[in-house]
Amino acid sequence: MSNIGFIGLGIMGNPMCRNLLKAGHKVVVYDVVPALIDRVTEYGASRGGSSREVAEQSDIVITMLPDGPEVEQAIHGPGGVFEGARPGSTVIDMSSISPLVAQNVGAACAAKGLRFLDAPVSGGEPKAIEGSLAIMVGGDEAVFHEMAPVLQAMGSSVTLTGPVGAGNVTKLANQIVVACNIAAMGEALVLATRAGLDPNVVFNAIKGGLAGSTVLNAKAPMVIARNFKPGFRIRLHQKDLRNALLAADSMKVGLPLTSTVQQMLMTLMNQGKGDLDHSAIVMFIEEMAGIEVKAPPAATEKP
């Protein structure tokens, strides 16, 4: 079993850390929010006082943070991983960040004698809890194979996609597919509701056909139940699509659908809905149509 440091204990980091503990690893944790540390230490993790302290006690340091600036701060900012890590240690960033930032962090780690993988995940909170995340990894093949057992404690699919940065390119591709699927689902359910149909019936009718998908199965019931408790927040998905568009611009690739959905997410954030689950993309479409996705009122008996 490994000595693992884990930095970032939010919606995803908390269950991922717990699954490492269940697998028998020794885990020391840190987050800028002390209450989040308390939740994980209840399950047997040790408390670190900073990213530096976490690195001092670990052979492997995992970061799971909102975006690139937070990753850079945790790894090579004041009190960061670089101040405590021993040469030969491995840093695995599982955040969803710009591929360029991942490559810069990887180069900085190499200059310090540290090994680095970028390994963003997909599956949201439910898959993080189950330990069945899809993990997309970029980095050296030998380091990947050495770290695979650790990653497999958190995910059911662990795939090396290329060199450092490739994991985040793959994650951006994933996020494009998810966002566009949710938007299309929202349009379909709004149309069905406007037509007077029960969206539950429509969902059950189409999920077994070509329109069926993991996204549809996970998000349609949430929309119909008006349950927007965040498994993955709108503001984080907007960030991912922004990073996808920036990467696409640097490679002269047009992403018209991604751009449209990113603007929908930005609008929802400006309406104060940034912390809702990304299934709330449907709210943008509902507002345009002036109708809410829900079952029609039960027919009343005639006198």
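Residues numbered from 1 in each chain as written. Predicted model: local features only at pLDDT ≥ 70, side-chain atom pairs only at ≥ 80, totals over all residues. Heavy atoms only, no water.

A. Highlighting the environment of L245. Note that L245 resides in helix 11 (residues 234-250). L245 gets classed as partly exposed once you look at its relative accessible area, which sits at 23%. Considered as a pair, L245 and A225 are 20 residues apart in the sequence and their alpha carbons are 32 Å apart. Beyond its immediate stretch of four places on either side in the chain, L245 contacts L255, T258, S259 and Q262. (Helix = DSSP H or I, 4+ residues; strand = E, 2+ residues; numbered from the N terminus. Buried < 20%, exposed > 50% of the residue type's maximum accessible area, 1.4 Å probe, protein only. Contact = heavy atoms within 4.5 Å.)

B. Just the pairing of strand 2 (residues 26-30), in detail. Most of strand 2 is tucked away, with four of its five residues classed as buried. Alignment of strand 1 (residues 3-7) against strand 2, held across five bridges, turns out to be parallel. In the sheet register, I7 faces strand 2, and the bridge partner there is Y30. Crossover connection from strand 2 via helix 2 (residues 34-41) to parallel strand 3 (residues 46-47): handedness right-handed. (Pairing = 2+ DSSP bridges. Right-handed = clockwise from strand over helix to strand, strands pointing away.)

C. Spatial organisation of the nonpolar core. Residues F6, M16, I62, M94 and I135 are the most contacted members of the largest nonpolar core, which totals 55 residues. Broken down by element, the residue count for this core peaks at five residues, all from helix 7 (residues 141-152). Beyond its immediate stretch of four places on either side in the chain, F6 contacts G13, M16, C17, L20, V27, V28, V29, Y30, V54, I62, M64 and M154. Within the second largest apolar cluster, 27 residues are counted, among which are I182, L189, L265 and L268. (Core = buried A, V, L, I, M, F, W, Y, C linked by side-chain atoms within 4.5 Å.)

D. Structural detail: the pattern of salt bridges. Under the defined criterion, the tally for this structure stands at 12 salt bridges. Among the charged side chains, a salt-bridge network with shared partners connects R226, E286 and E292. (Salt bridge = Lys/Arg side-chain N within 4 Å of Asp/Glu carboxyl O.)

E. Region of the structure containing unusual backbone geometry. Its identity is not glycine, yet R226 carries a phi of approximately 55°, on the positive side. Tracing the backbone shows R226 in the loop between helix 10 (214-224) and helix 11.

F. Summary view of helix 7. Given a rise of 1.5 Å per residue, 12 residues ought to cover 16 Å, and the 16 Å separating the end C-alpha atoms of helix 7 matches this to within 8%. When we look at burial in helix 7, the residues that qualify are V143, F144, M147, A148, V150 and L151. (Expected span 1.5 Å × (residues − 1).)

G. Up close: the pairing of strand 4 (residues 60-63). By the alternation rule, side chains of strand 4 split into I60 and I62 and V61 and T63, which are all buried. Inspection of the sheet shows strand 1 paired to strand 4 by four bridges, in the parallel sense. Within strand 4, the position partnered with I4 by the bridge is I60. As paired elements, strand 4 and strand 5 (residues 90-93) share four bridges and run parallel to each other. Bridged to V61 within strand 5 is V91.

H. Geometry of the environment of G196. Tracing the sequence through the fold places G196 in the loop between helix 8 (166-194) and helix 9 (199-206). With relative accessibility at 45%, the residue G196 sits in the partly exposed group. Between the alpha carbons of G196 and H76 there is a distance of 56 Å; along the sequence they are 120 residues apart.

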